[in-house]
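Now for the letters of each chain:
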Amino acid sequence: MKLAYLFLGPMAFLLLAGCGCVLSTSSGNLSTFVGCAVREFTFLAKKPGCRGLRITTDACWGRCETWEKPILEPPYIEAHHRVCTYNETKQVTVKLPSCAPGVDPFYTYPVAVRCDCGACSTATTECETI
């Protein structure tokens with residue numbers, strides 16, 4: 001199974017590739033959850049010249065189904081790989097504490113509104129496979 005790294009703004013997520021579901025994780029067991037959902041995520045927002053600020057936001061999280069099968073013609077494999085990705089986001093801006101004079105204290109980050117299992121689009125995210 002391939003792993004995909006998905007980067008959106010200051011948040012980085014390690015996600016497994018594959019499906020097309022949107023489910024709530026609040027009522028299920030996260031170790032067996034298959035799908036893609038909005039989940040609370042905490043990170044440290046920082047920039048040079050300011051103190052860091054711990055932010056709790058919503059991010060996409062999940063494990064999507066994936067498969068590969070051999071075929072007789074090139075490229076000799078048929079693959080179906082999806083990643084848990086952002087379908088809809090909103091931007092939120094906060095003011096970082098104790099910024100040096102001349103440093104812009106405002107920090108903008110994305111908040112997940114809706115997430116889906118889908119193809120990783122390089123138009124909106126940085127996609128890598130290992």
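Here is a short report on the structure shown in this document. (Residues numbered from 1 in each chain as written. Predicted model: local features only at pLDDT ≥ 70, side-chain atom pairs only at ≥ 80, totals over all residues. Heavy atoms only, no water.)

Examining the packing of aromatic side chains
- Scanning the model with the defined rule gives 5 aromatic pairs in all.
- Judged by centre distance (6.5 Å) and plane angle (40 degrees), the ring pair of F43 and Y107 falls under tilted. Residue F43 is found in strand β3 (residues 35–45), and its partner Y107 is found in strand β8 (residues 106–118); the two are separated by 64 residues along the sequence. Accessibility assignment for this pair places F43 and Y107 in one class, buried.
- Centre to centre, the rings of F43 and Y109 are 5.6 Å apart; their planes meet at 75 degrees, and the pair counts as edge-to-face. Residue F43 is found in strand β3, and its partner Y109 is found in strand β8; the two are separated by 66 residues along the sequence. Both residues of the pair, F43 and Y109, count as buried.
- Among the aromatic side chains, those forming a connected cluster through ring pairs are F41, F43, Y107 and Y109.
- The ring of W61 carries the charged tip of R39 above its face, separated from the ring centre by 4.9 Å. (Phe/Tyr/Trp six-rings, centres within 6.5 Å; stacked < 30°, edge-to-face > 60°. Helix = DSSP H or I, 4+ residues; strand = E, 2+ residues; numbered from the N terminus. Buried < 20%, exposed > 50% of the residue type's maximum accessible area, 1.4 Å probe, protein only. Lys NZ or Arg CZ within 6 Å of the ring centre and 35° of its normal.)

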